[in-house]
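Breakdown of the fold
Listed below, chain by chain, are the residues.
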Amino acid sequence: MSKPAKAEKAATLKPRLPRGLVDRGPAEIAATHRMLEKIRESFELYGFEAVETPFIEYTEALGKFLPDLDRPNEGVFSFQDDDESWLSLRYDLTAPLARYVAEHFDALPKPYRSYRAGYVFRNEKPGPGRFRQFMQFDADIVGAPTVAADAEICMMAADTLERVGIGRGDYVVKVNNRKVLDGVMEAIGLGGDDQAGRRLTVLRAIDKLDRLGPDGVRLLLGPGRKDESGDFTKGAGLADEAIERILRYVAFQASPTDGGDRLAFWESFFGGWAEVVGSSETGRQGIAELHAIMKLCEAAGYGHDRVRADPSVVRGLEYYTGPVFEAELTFPVVNEDGQTVRFGSVAGGGRYDGLVGRFRSEPVPATGFSVGVSRLFSALQVVGSPIVSGKSAPGPVVVLVLDREETAAYQALVAALRQAGIRSELYLGASGMKAQMKYADRRGAPCVVIQGSDERAKGEVQIKDLIEGAKAANAIASNAEWKAARPAQFSVPVDEMVARVREVLGRHYGG
């Protein structure tokens, strides 16, 4: 069989990435790591400590709020163990934390502050901005029953955004309360378990307020809405009076003046909310909790420009039981349709007092929030944060191999560099010097170490400064002149190699 035929036969497997997944290169990985470090610093400043849970949990541990156990592949990736138990890749980082806390409850200090970063998985149809695997970075307080914990989460969210490079005025942490929403539902006759489906439809309609505006939400609360493509979304079927009450509620926007009495403003602001929830005790309790959060944030210096109450915040997961919050970036970007819009949410969370309690006989209060790592990374690219746009780490110093019979001698050179803490590598390919130089250039090497037979006989090496050489090349007109000048290339004794390489690195990178 001819060589081309053999190659054709061997190349029958097509390399392709499954939909909804992405590969990442070293530059993005390094930039993401820098961003995660800043987030971690912010969380640890507030007294949080790290914990790690596995990718796989028993499906039942993920909770009734996520996939239906009768259809364990719905929404999550699931499989059966050899004992026929259903296991699933984690859907988020909150449900695994609830299991962990319940399992180690007596050994953990309460309140328990923890943070976790890791990938989560969704068995959903992929599309633009919708992935099957993505990273989250969560922080939670378990065992704190008062809204002081929720206020701390909101403050930490604001501080975290500023620490990674989002300027004040380019973000706002918006806060609502599921109890207020429940109160509004009760006031329009949607209380009780038998109305759960319609309540969810109403919540989803409110959640689309920023995108569709009041008129679009009005249609979703009523008979339904047909979008630009002709697809029809069935509405909640509410009466006109109920629709007006909901729209009146979501129309409340907090905008106290900088010079005014902030506490008096919030007193008046929440008074308007009280009219909407009517006599609902649940709704009034939710308003009181929100009022307390705003007072705590104001007292700590987190005014309405950083943290504010906003009735449009819903949050999709059903396990939230009290305050809910979203960190929204307010600067404009151009979307896929060429429209100028706000960047939108990069983090969110809320109180979930029932999730840990599923594993125990007593209720366990908990609150927390989750940073969408990819979303925040994209935002930092937009604002030009030095965390993601800063210089990449220099490549390794490359020791060239000009004589395969002397590989041991070259290995000794690279070992000396590594022992001195200098990132370096030995060229392990089979190509000649020209190809090795191209390889070093592609690796971003600041310099290469060269030792031919002449240099070895003299106990020397040549160091070629690739950065300085590239600059000099622009000023040299001919190839003959280049060979004669050998810019940025010099010989040194082997025992001076480490010191002279350090000089090259210091010249270009400092230190």
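Quick caveat, the model's predicted, so the values are computed rather than measured.

**A look at the UniProt feature "binding site: L-histidine" (unreviewed entry) in the protein**
- UniProt marks Asp92, Leu93, Thr94, Arg122, Gln136, Asp140, Arg315, Tyr319 and Tyr320 with the feature "binding site: L-histidine" (unreviewed entry), using the numbering shown here.
- Among the secondary structure elements, leucine 93 is positioned in the loop between strand 4 (86–89) and helix 3 (94–103).
- With residues near it in sequence (within four places) discarded, leucine 93 still touches Arg116, Ala117, Gly118, Val120, Gln136 and Asp138.
- Along the chain, aspartate 140 falls in strand 6 (residues 133–142).

**Considerations on the sheet that holds strand 18 (residues 489–493)**
- With respect to topology, 5 strands assemble into an open sheet ordered 15-14-16-17-18, the strand pairing being mixed. Unpaired on one side and paired on the other, strand 15 (424–426) and strand 18 mark the two borders of the sheet. The sheet shows a mean angle of 25° between the axes of neighbouring strands, direction not considered.
- The sheet contact formed by strand 16 (residues 447–450) and strand 17 (residues 460–465) spans 4 bridges and is antiparallel. Bridged to cysteine 447 within strand 17 is aspartate 465.
- On the sheet, helix 13 (residues 407–419) packs against strand 14 (397–399), strand 15, strand 16 and strand 17 and is oriented at approximately 170° with respect to strand 15.
- Set on the sheet, helix 18 (residues 497–509) makes contact with strand 14, strand 16, strand 17 and strand 18; between it and strand 17 the angle comes to about 5°.

**Description of the packing of helix 5 (residues 178–187) against helix 6 (residues 196–207)**
- One can describe the packing of helix 5 onto helix 6 by two numbers: an axis separation of 11 Å at closest approach and a directional angle of 120°. The angle between helix 5 and helix 6 places the two elements in the oblique class. Crossing geometry of helix 5 relative to helix 6 is assigned as right-handed. Of the residues in helix 6, those in contact with Arg178, Leu181 and Met185 of helix 5 are Arg199, Val202, Leu203 and Ile206.
- Class assignment for the residues of the contact of helix 5 with helix 6 results in 5 nonpolar, no polar and 2 charged.

**Let's talk about helix 2 (residues 26–45)**
- In this model, helix 2 (20 residues) spans 29 Å end to end at C-alpha, consistent with the 28 Å of a helix rising 1.5 Å per residue.
- Lining the buried residues of helix 2 we find strand 5 (112–121), strand 6, helix 4 (148–164), strand 13 (366–372), helix 11 (373–383) and helix 12 (386–389).
- Following helix 2 by one or two positions, glycine 47 has its phi on the positive side, about 90°.

**Here's the deal with the environment of arginine 163**
- Among the secondary structure elements, arginine 163 is positioned in helix 4.
- Ignoring anything within four residues of it in the chain, the contact list for arginine 163 reads Lys38, Glu41, Ser42, Leu45 and Ile387.
- Of the polar contacts made by the side chain of arginine 163, one reaches the side chain of glutamate 41; its length is 3.1 Å.

**Some words on the side chain of arginine 122**
- By the secondary structure assignment, arginine 122 is in the loop between strand 5 and strand 6.
- No salt bridge is formed by the buried arginine 122; the nearest opposite charge belongs to glutamate 124, separated by 4.7 Å.
- Looking at arginine 122, its side chain comes within polar contact range of the main-chain oxygen of tyrosine 91, at 2.8 Å.
- Not counting residues within four places of it along the chain, the set of residues in contact with arginine 122 comprises Gly75, Phe77, Tyr91, Asp92, Phe131, Arg132, Phe134 and Gln136.

**Here we look at a nonpolar patch on the surface**
- On the surface, Phe55, Ile56 and Phe79 cluster together to form a nonpolar patch covering roughly 260 Å² of accessible area.
- Tracing the sequence through the fold places isoleucine 56 in strand 2 (residues 56–58).

**Some remarks on the sheet that holds strand 2**
- Taken together, 3 strands build an open sheet; the order of strands is 2-4-3 and the sheet is antiparallel. In this open sheet, the two strands that pair with only one neighbour each are strand 2 and strand 3 (78–80). Within this sheet the neighbouring strands show an average axis-to-axis angle of 30°, counted without direction.
- The pairing of strand 3 with strand 4 spans 3 bridges and is classified as antiparallel.

**Focus on the environment of glutamine 436**
- Mapped onto the fold, glutamine 436 is located in helix 14 (residues 433–442).
- With 37 residues separating them in the primary sequence, glutamine 436 and valine 399 have C-alpha atoms 9.4 Å apart.
- For glutamine 436, the residues in contact, after removing those within four places along its chain, are Leu400, Val401, Arg404, Tyr427 and Ser431.

Rules used in this analysis
Residues numbered from 1 in each chain as written. Predicted model: local features only at pLDDT ≥ 70, side-chain atom pairs only at ≥ 80, totals over all residues. Heavy atoms only, no water. UniProt positions renumbered as here; feature names shortened; annotations may be inferred. Helix = DSSP H or I, 4+ residues; strand = E, 2+ residues; numbered from the N terminus. Contact = heavy atoms within 4.5 Å. Pairing = 2+ DSSP bridges. Axes fitted to C-alpha atoms, helices over the stretch in contact; angles between N-to-C directions. Parallel < 35°, antiparallel > 145°, perpendicular 65-115°, else oblique. Left-handed = near helix turned anticlockwise from the far one by under 90°. Nonpolar A, V, L, I, M, F, W, Y, C, P; charged D, E, K, R; others polar. Expected span 1.5 Å × (residues − 1). Polar contact = N/O pair within 3.5 Å; in protein donor to acceptor, adjacent residues only side chain to side chain. Buried < 20%, exposed > 50% of the residue type's maximum accessible area, 1.4 Å probe, protein only. Lys, Arg positive; Asp, Glu negative; His and termini not counted. Salt bridge = Lys/Arg side-chain N within 4 Å of Asp/Glu carboxyl O. Patch = residues over 30% accessible without salt bridge, like charges linked within 9 Å, V, L, I, M, F, W, Y side chains within 5 Å. Areas by Shrake-Rupley, 256 points an atom, 1.4 Å probe, with all protein chains shown as cover.

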